[in-house]
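# Geometric and topological summary
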Amino acid sequence: MFIQTEATPNPATLKFIPGRAVLDGGTMEFPNRETASRSPLAERLFGVPGVTSVFYGSDFVTVTKDDSDWQHLKPAILGAIMEHYMSGAPLLADGSASDDEAADAADEFFDEADAETVDMIKDLIETRVRPAVANDGGDITFRGFKDGIVYLNMKGSCAGCPSSTATLQHGIQNLLRHFVPEVTEVRPM
């Protein structure tokens, strides 16, 4: 098994590509060790000293570290991913392959009068923003819309990335303002 690694814009995060599907669709985030209990792979990765969060995309695993050195962490992380896939264990402890999409959608907030505007915002995020962000080992999801402000949740390599503010303010905000005049600002949640 050959696992590729790619740098991300966040120096504390690396993208690991195992050469096979990780999730059937959507994304899944494990921001700390306590949330990892539902995934044997996430538990293995949190067993590596220095790992602070794990994120699954369709064909990649993004791992974020503390101030430890990648030179020491990378071999242990590669070993944990390889052991998981070679063992044949399921990605999730309950055997499902569900993602975080349903939970994200349940937490959304916006006024029903803005439903058409929100649909346009979600479509732009889905078609223009998420594919680009996935290339960098992360994800951005819609959280809410109120008083012209779009609230987004940043996951994976995007969470805590030094360039995430610039991405939000200059990239996503400009895109949404261009296509949806009701948008005045974009903020992280």
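Scroll up a little and you will see the structure.
Residues numbered from 1 in each chain as written. Predicted model: local features only at pLDDT ≥ 70, side-chain atom pairs only at ≥ 80, totals over all residues. Heavy atoms only, no water.

## Here we look at a negative patch on the surface
For clarity, the threshold we go by: Each patch is assembled from residues with relative accessible area greater than 30% and no salt bridge, linking like charges that lie within 9 Å and nonpolar side chains (Val, Leu, Ile, Met, Phe, Trp, Tyr) that lie within 5 Å. Where accessible areas are quoted, they stem from the Shrake-Rupley method and a 1.4 Å probe; at the residue level, only the protein chains shown are allowed to cover. The salt bridge criterion pairs a side-chain nitrogen of Lys or Arg with a carboxyl oxygen of Asp or Glu, the two atoms within 4 Å. Only four residue types enter the charge count: Lys and Arg as positive, Asp and Glu as negative, with His and the chain ends excluded. To locate a charge, take atom NZ for lysine, CZ for arginine, CG for aspartate or CD for glutamate. Helix and strand assignments follow DSSP, with helices taken as H or I runs no shorter than four residues and strands as E runs no shorter than two, numbered in order from the N terminus. Note on classification: 1.4 Å probe, protein chains only; a residue is buried when its accessible area is under 20% of the maximum for its type, exposed when over 50%, partly exposed between these limits.
A cluster of acidic residues, Glu116, Asp119, Asp123 and Glu182, forms a negative patch at the surface. By the element assignment, aspartate 119 lies in helix 4 (residues 115–135). For aspartate 119, a relative accessible area of 51% corresponds to the exposed category.

## Brief notes about the side chain of glutamine 173
Going by this rule: We define a polar contact as two N or O atoms separated by no more than 3.5 Å, with the added condition that, inside protein, one atom must be a possible hydrogen donor and the other a possible acceptor, whereas residues neighbouring each other in sequence contribute only through side-chain atom pairs. By definition in these notes, contact holds between two residues if any of their heavy atoms fall within 4.5 Å.
Positionally, glutamine 173 belongs in helix 5 (residues 164–179). Among the residues examined, glutamine 173 registers a relative accessible area of 8% and is labelled buried. Side-chain polar atoms of glutamine 173 contact the backbone nitrogen of valine 186, separated by 3.0 Å. The residues touching glutamine 173, leaving out its near neighbours within four places in the chain, are Leu168, Thr184, Glu185 and Val186.

## As for the environment of phenylalanine 30
By the secondary structure assignment, phenylalanine 30 is in strand 3 (residues 28–30). Classification of phenylalanine 30 as buried rests on a relative accessible area of 0%. Considering only alpha carbons, one finds phenylalanine 30 and phenylalanine 46, 16 residues apart in sequence, at a separation of 9.6 Å. Beyond its immediate sequence surroundings of up to four residues, phenylalanine 30 is in contact with Thr35, Ala36, Arg38, Ser39, Ala42, Phe46, Ser53, Val54 and Tyr56.

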